[in-house]
Amino acid sequence: MAGQLASKLKISPLLAQCLLNRGISEVPIAENFLAPRLKNLSDPFLLPNMDKAVERLLRAREEKESIVIYGDYDVDGVTSTALLMEVLRALGWQVQFYLPNRIAEGYGLSADGVENCLKRFVPATGSKMLLLAVDCGSTAIETIRTLRERGVEVVVLDHHQVSNPPPDAVALVNPQLGQNFRELCSAGLAFKLAHAILKKGREINLSGAVEFDLKPLLDLVALGTIADLVPLIGENRILVSAGLHQLNQSQRPGILALKKVSRTTEKIGTYEVGFQFAPRLNAAGRLETAESALHLLLAKTLEEAMPLAEELDLQNRERQKIEKSIVEEVIGVVRAKFDPQNDFVIVEGELLWHIGVVGIVASRVLQEFYRPAIIIGGENGEMRGSGRSIIGFDLAAALRECNDLLLRHGGHAMAAGLSILPDNIDSLRKKLNELARLALKPDDLRPSLRLDAEVGLDEISFQALAELDRMKPCGQENPAMQFCARNVSHARPLQRIGAQKQHVKMWVGDGAVTHEAVWWNNGESALPLGKFDLAFQPQFNRFNGNRTIQLKVLDWQPYQD
């Protein structure tokens, strides 16, 4: 099968096998996957209720209504808000923004957040105001009903799971209501809304619509999509591929400032976005308000952008300190009582755990124990939590089954948030574990390696790695390529490296070819001896201007003839 696909596409059997492992076996689909193009994006009006949203926005422009974009405080929400601010302002809308304070107002269209939003904008604009909720609102039944009673209509642009019944918005643009575009996050949806506005605008001769170019805004789409950890397949693959190209040539002052404070000198890829840009953009919203991140992305000059980027960099360092302290505490608590046979879901809560970092802490707990994890913090009364899940356990659906124990909740299968009273935490833990035991098998609770192919070390060449780069961008549902080489051994003595000697450098060979390999954060794991099979991810290593092949070690096992 791989040979046939390789022959038809004129690619190597190794690349063909990687395509097959991702369910891509038809030549036209494979060609589009290997060469994603913006022209292959679908009509934005195929999204549920997109026509209603565009119609209402055009009416707001005609009637000179003020629009307030009510966003979210994470990177997806901030980039979506920035993109729509730029598009709508350029095309003649009167538009402002409001980003809720995570600590004081909580996630989404909360009663406090909306009330503060109205206090800020209604006196200046009168009663004619349209609220555009971005990256939130799909479960805000009561809030949207109250707004309608007060004469404020709401358009929702969101990708999270929808309540049953859905909120009574003027238009609820959410791919969860249809069969397509399920991979899109709100940054992608904001781009689709902008595309739809331009498409309709050109039909009706809207001033500026013909000249407006959306391509420069794809840098924002790539930031939001990669940071939100949504699948990098379908429309997202096209958007992120084009967006990374835009990021690498972007003259947006906020991007240039982010590159400088994060010391990013390499070509920007998913790693640089996910681990260097996104944490800094997220830092403001985790500790205070995300407005500085939004102002950074909208900055017109580098002089305006640099102080904002430096502030975010400082906030990110403070976030790291808070996170490290809570992670150590939580993992210590869980490890002391963890029962792998019975604990299918980990739920821990404590007063004074900072609610701005509980989602990151949940991710760390999941990595340590490979269990769905919910970490809850707060101060007095109502507490807030954030959860991360594993394949096979839909966290948002599980929380709906616990509705009687929660004040609010929302999210999607792999990540969700909630509000809860302290007395209900133990009951939530019990109920979620009951649900998980029905949904998960013991094997689901063991992380597994999904390897693309068995290879000889001679197959891992500069030419092969350059060809495998065509699989990028890699991420959710299109992971980086991972391989296995059998019957290898150490060609040189291994070395402990790093400040705490926490990493291991090896030189592995098969008698013909030797490659450098690094096992990051090896910890106390046993080291390979004698002949062994090695699971690894191949990559280029750039150091002092030189480029070499390096194998990122994933695991090993003794070789058996």
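The structure under discussion appears in the preceding block.
Residues numbered from 1 in each chain as written. Predicted model: local features only at pLDDT ≥ 70, side-chain atom pairs only at ≥ 80, totals over all residues. Heavy atoms only, no water.

Trainee: Honestly, helix H17 (residues 425-439) in this entry has me stumped. Any pointers?
Mentor: Since one α-helical turn is 3.6 residues long, residues separated by three or four positions face the same way. Under the 1.5 Å per step criterion, the end-to-end length of H17 is 21 Å for 15 residues, consistent within 8% with the ideal 21 Å. Here H17 has its buried residues at Ile425, Leu428, Leu432, Asn433, Leu435 and Ala436. For H17, the angular spread of the buried residues around the axis is 165 degrees, confining them to a single face. Across H17 from its buried face, at more than 90 degrees, point the exposed residues Asp426, Lys430 and Leu438. Residues of H17 that are buried in the fold lie against strand E6 (346-349), strand E7 (373-377), strand E8 (383-388), helix H16 (395-401) and strand E10 (415-420). (Helix = DSSP H or I, 4+ residues; strand = E, 2+ residues; numbered from the N terminus. Expected span 1.5 Å × (residues − 1). Buried < 20%, exposed > 50% of the residue type's maximum accessible area, 1.4 Å probe, protein only. Arc of directions from axis to C-beta. Contact = heavy atoms within 4.5 Å.)

Trainee: Which parts of the structure should I look at to understand the sheet that holds strand E3 (residues 129-134)?
Mentor: What links the strands of a sheet is backbone hydrogen bonding, and the strands pair in either a parallel or an antiparallel sense. In spatial order, the strands read E2-E1-E3-E4-E5; together these five strands make up an open sheet with parallel pairing. The sheet is open, and its two edges are formed by strand E2 (94-98) and strand E5 (171-173), each paired on a single side. When strand polarity is set aside, the average angle formed by the axes of neighbouring strands in this sheet is 20 degrees. As paired strands, E3 and strand E4 (residues 153-157) are joined by five bridges and run parallel to one another. Paired with alanine 133 across the strands is valine 156, a residue of E4. Taken strand by strand, helix H8 (residues 186-203) contacts E3, E4 and E5, and its axis lies near 115 degrees from that of E4. (Pairing = 2+ DSSP bridges. Axes fitted to C-alpha atoms, helices over the stretch in contact; angles between N-to-C directions.)

Trainee: Please clarify how the packing of aromatic side chains should be interpreted in this entry.
Mentor: Any two aromatic rings considered together are summarised by their centre-to-centre distance and by the angle between their planes. Within the structure shown, the criterion is met by six aromatic pairs. Between phenylalanine 338 and phenylalanine 369, the aromatic rings sit 5.0 Å apart at their centres with planes inclined by 50 degrees, giving tilted as the arrangement. Here phenylalanine 338, found in the loop between helix H14 (302-337) and E6, pairs with phenylalanine 369, found in helix H15 (residues 358-369); they are 31 residues apart in sequence, far enough to count as distant. A relative accessible area of 22% means that phenylalanine 338 is categorised as partly exposed. (Phe/Tyr/Trp six-rings, centres within 6.5 Å; stacked < 30°, edge-to-face > 60°.)

All quantities given are derived from atomic positions and should not be read as evidence of function.
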